[in-house]
Amino acid sequence: MNILCAGINHHIAPVDVRERLAVANHEIGEVLRRVKAIDGLTEAVVVSTCNRVEFYAASICPERALDGIRGYLEARTGMQAPLYHHDTPRSIRHLFRVASGLDSMVLGETEILGQVKQAYAVAADAGATSRTLNRLFQNAFRVAKSVRTETRITRGATSVGAVAVELAGKIFGDLNHRRVMILGAGETSERTARSLVSRGVKTVIVSNRTFDRAAALAAEIGGMAIHFDHWQNEFPDVDILISSTAAPHPVVTRERLEPMMRQRAGRPLFIIDLAVPRDVEPSVNRLEGVFLYDIDSLQEIASRSLAVRQREIEHCERIIDSQVTDFIGWLRRAQHSLAHS
Amino acid sequence: MERYWLVAASFCFLLSFGHTLFALGSGTFRPGRFNLAAMAVGFAFETVFLFQRGHLVGACPITNLFEVLVFLSWSIVLIYLIVGPAYRLSLMGAFTSPLVLALLLLALFSPVDATAVRILHNPWVEFHAALSIIAYGAFGLAAIAGVMYLVQERQLKSHRVSELLFNLPPITDLGAVNGRLLATGFILLTVAFGAGLAADLRVTNLKTGASVFIWALYGALLVVERLRFVPPRRIAAGSVIIFVVALLTLPSVSHLPVE
């Protein structure tokens, strides 16, 4: 029995190709039924995410199975997709790397493991998997867990928004009741605010020199817009300030902030200064309870986290290699016992 | 023979501390049950020692400085075992283990296990003394939460991203736990003083002065914490400093004979 993997991902195909091949949740049952009907193919799992569409199949004749998958996809999408394909043992290794987040756009991200688990569960429920793929996917989940716990591949955040969310968590813990203020509705501040909202922040106040822009952003992220002249009135209740105005001079100075901090009764304040030139005087970081991060410090943390993750790749690959060897051993033993039964 | 229980307990605390240090150093630290289990086993050994010693002296085993140090170490671990899992405070065990280990080693290697300085036969006096030391245990753990707060605050202020930053709890949580432990310790100490008054306990002026001084310091710290007169960082620092002072006055409080 061979294990075949065929698909496209963000390394080889742009989004306009990936979106044509993508399989929506409600289509997966039908796609699995069609793929399983391909001659020489006995088991199948379809993994479809925003960055990849991959078919895993157990087959006694991988060439025929690959031709069948190609033909089916061409008929389905009306185009010849630039599929990559791997046979045993590279297909096994590929799945282990995918599940572990080593093949992801953001190295070490963990969302992919949930997506692979979901894809396997759907295929198993549809009766599209049997002994070989069941064992393969269970092993993949174990490998991903080992990689995550035995290495630092998931360590730290690797984007400015994710770093900001991580730091907010280290200051406030639960973000559910925290109030965020955006000063200056820039693209990065918007992304950062969205990251914070995704982690539970309920109240976002947007203030911009152009009120319409503030109102538009507030409407998009479910916040509240205020006039730029009034931001200081709302400030005492704010926990996180994201600043990215185009002002040539600091908007938040130590002199201005010091009396405001006294009204906060010891509550910490996390300031994310994304503006260049900076909106917040660096000396503000010396105030009690104020944690100021500018764009450089956030990017530096993200870069360091990425560097840590990259240094871990070798360690991850060693874990994966050893698990691939174990799985091939099992596959051979399974084939041997099948031949002699 | 009974001292072997303390050696075994020390080994458990050392194991807990060493395991965390190694895991942090190698970047593989995960909040798990190992620390909690090692601390719980160490606590069990200490309990066995205190039980045997209690039988031997025929009273609560706080009759000399040696026993007081062991009892204090036991109290800190007791409070940790209650607070640690409840608040899911990652790394608190790692910060607690060196303190309790130091107290045990001090007890084991200092010539303080003399004959009983005082024998407590009045149950109110026994209750007063035992509860006072448990209150010190709560203050000890408040000091540990304070140290963790200061370390985490320093990491966040200096933009230093290390294993510690990732594994220490959020500073807001540490500040809250610090405040709750201070309140717990203060209530216990106040009740213990009440028990002392109920027992009509007569002690030296130095002992009374030292005890009231520590009680007043913690009371003042608690008031400014509750009224938010000072930032949480200063409360954290205050809880560490006052606990050090309390430890220094411990011999005078526990070792001076009852008049």
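The rules behind these values
- Residues numbered from 1 in each chain as written.
- Chains lettered and ligands numbered in written order.
- Predicted model: local features only at pLDDT ≥ 70, side-chain atom pairs only at ≥ 80, totals over all residues.
- Heavy atoms only, no water.
- Helix = DSSP H or I, 4+ residues; strand = E, 2+ residues; numbered from the N terminus.
- Buried < 20%, exposed > 50% of the residue type's maximum accessible area, 1.4 Å probe, protein only.
- Contact = heavy atoms within 4.5 Å.
- Axes fitted to C-alpha atoms, helices over the stretch in contact; angles between N-to-C directions.
- Parallel < 35°, antiparallel > 145°, perpendicular 65-115°, else oblique.
- Left-handed = near helix turned anticlockwise from the far one by under 90°.
- Nonpolar A, V, L, I, M, F, W, Y, C, P; charged D, E, K, R; others polar.
- Buried area = accessible area lost by both parts, 1.4 Å probe.
- Salt bridge = Lys/Arg side-chain N within 4 Å of Asp/Glu carboxyl O.
- Polar contact = N/O pair within 3.5 Å; in protein donor to acceptor, adjacent residues only side chain to side chain.
- Pairing = 2+ DSSP bridges.
- Expected span 1.5 Å × (residues − 1).
- Arc of directions from axis to C-beta.
- pLDDT = per-residue confidence, 0-100.
- Bend = angle between axes of the 7 residues up to and from the residue.

1. Topic: the environment of R131 of chain A
Residue and element names in this part refer to chain A. With respect to the helices and strands, R131 occurs in helix α6 (residues 131–150). The class for R131 is partly exposed, based on a relative accessible area of 48%. Spatially, the C-alpha atoms of R131 and N51 are 28 Å apart, while their sequence positions differ by 80 residues. Not counting the four nearest positions on each side in its chain, R131 is found in contact with E43, W330 and A334.

2. Regarding the packing of helix α4 (residues 90–99) of chain A against α6 of chain A
For any two helices packed against each other, the geometry comes down to the angle between their axes and how far apart the axes lie. All names here are of chain A. One way to put it is that α4 packs onto α6 with a least axis distance of 8 Å and a crossing angle of 45°. One way to sum up the angle between α4 and α6 is to call them oblique. Note on packing geometry: the crossing formed by α4 with α6 is right-handed. Residues I92, L95, F96 and A99 of α4 pack against L136, F137, N139, A140, V143 and A144 of α6. In the contact of α4 with α6, the residues fall into nine nonpolar, one polar and no charged.

3. Re the interface of chain B and chain A
In this complex, chain B contributes 26 residues to the contact, which on the side of chain A involves 30 residues. Here chain B packs against chain A, burying approximately 2200 Å² in sum over the two surfaces, 51% of which is carbon and sulfur. When residues of chain B are sorted by the area they lose upon contact with chain A, K157, H159 and F166 of chain B head the list and together hold 31% of the total. There are two salt bridges connecting chain B and chain A. In this structure, R234 of chain B and E288 of chain A form a salt bridge, with 3.1 Å as the shortest nitrogen-oxygen distance. At the boundary of chain B and chain A, one finds 10 residue pairs in polar contact (both at pLDDT 80 or more). Residue assignment for the side of chain B that touches chain A shows that the elements contributing at least two residues are α5 (123–157), α6 (163–167), α7 (171–198) and α9 (232–255) of chain B.

4. Digging into the sheet that holds strand β5 (residues 179–183) of chain A
Residue and element names in this part refer to chain A. Overall, parallel pairing links the six strands, which are arranged β7-β6-β5-β8-β9-β10 in an open sheet. For this open sheet the edge positions go to β7 (224–227) and β10 (290–294), each flanked by a neighbour on one side alone. Each strand of the sheet is rotated relative to its neighbour by a mean of 20°, with strand direction disregarded. Direction of pairing for β5 relative to strand β6 (residues 203–208): parallel, over a ladder of five bridges. Looking across to β6, one finds that L183 is bridged to S207. The strands touched by helix α9 (residues 211–221) within the sheet are β5, β6 and β7, with β6 carrying the most contacts at an inclination of about 160°.

5. Description of the pattern of salt bridges
All names here are of chain A. Within this structure, the stated rule accounts for 26 salt bridges over all chains. Residue R52 pairs with D103 through a salt bridge whose shortest N-O separation is 2.9 Å. Of this pair, R52 sits in strand β3 (residues 52–59) while D103 sits in the loop between α4 and α5 (111–125), and the two are 51 residues apart along the sequence. We classify R52 as buried; its relative accessible area is 2%. In this structure, a network of salt bridges that share partners links the residues R52, E54, R93, R97, D103, E317 and D321.

6. Quick notes on helix α3 (residues 62–77) of chain A
Residue and element names in this part refer to chain A. Along its 16 residues, α3 runs 22 Å from first to last C-alpha, staying within 8% of the 22 Å computed at 1.5 Å per residue. Burial in α3 covers these residues: P62, A65, L66, I69, Y72, L73 and T77. Around the axis of α3, the buried residues are gathered within 130° of arc, so they sit on the same side. Exposed side of α3, more than 90 degrees from the buried face: E63, D67 and A75 are the residues found there. Buried residues along α3 sit in contact with β1 (2–9), α1 (15–21), α2 (28–36), β2 (41–48), β3 and β4 (84–86). Count one or two residues on from α3 and you reach G78, which has phi positive near 75°.

7. Looking at the environment of L107 of chain A
Residue and element names in this part refer to chain A. Mapping L107 onto the fold places it in the loop between α4 and α5. Along the primary structure L107 and I153 are separated by 46 residues, whereas in three dimensions their C-alpha atoms are 7.6 Å apart. Once residues lying within four places of it in the same chain are set aside, the contact partners of L107 are G101, L102, I153, R309, Q310 and I313.

8. Regarding the sheet that holds β2 of chain A
Residue and element names in this part refer to chain A. The four strands lie next to each other as β2-β3-β1-β4, forming an open sheet whose pairing is antiparallel. Only two strands of the sheet have a single neighbouring strand rather than two, namely β2 and β4. Strand-to-strand twist across the sheet, computed as the mean angle between neighbouring axes with direction ignored, equals 15°. Here eight bridges tie β1 to β3, and the two strands are oriented antiparallel to one another. If you follow N9 over to β3, its bridge partner there is R52. Each of β2 and β3 is contacted by α5, which is oriented at about 140° to β2, the strand it contacts most. Sheet strands in contact with α6 are β1, β2 and β3, and its direction is about 35° off that of β2.

9. Focus: the pairing of strand β9 (residues 269–273) of chain A
Residues and elements named next belong to chain A. Taken across its five residues, β9 has five buried, putting it largely inside the fold. Taking every second residue as pointing to the same face, both faces of β9 are buried, with L269, I271 and D273 on one and F270 and I272 on the other. Relative to β9, strand β8 (residues 240–243) runs parallel, the two sharing four bridges. Its bridge partner lying in β9, L241 is registered against I271.

10. Section: the confidence of the model for chain B
For chain B, per-residue confidence averages 86 on the pLDDT scale, and 89% of positions sit at 70 or higher. Two numbers describe this predicted complex: its pTM, 0.80, and its ipTM, 0.83.

11. A short note on helix α12 (residues 295–339) of chain A
All names here are of chain A. Between the first and last C-alpha of α12 there are 63 Å, a value that for 45 residues agrees with the 66 Å anticipated at 1.5 Å per step. Taken as a whole, α12 carries its principal kink of about 35° at I313. Residue D294 occupies the N-cap position of α12, its side-chain oxygen lying 3.2 Å from the main-chain nitrogen of D296.

12. Side note on the side chain of D294 of chain A
All names here are of chain A. Here D294 shows up in strand β10. The buried category is assigned to D294, whose relative accessible area is 17%. Here the side chain of D294 touches R278 through a polar contact of 3.2 Å, side chain to side chain. Ignoring any residue separated from it by four or fewer positions in sequence, one finds D294 in contact with D273 and R278.

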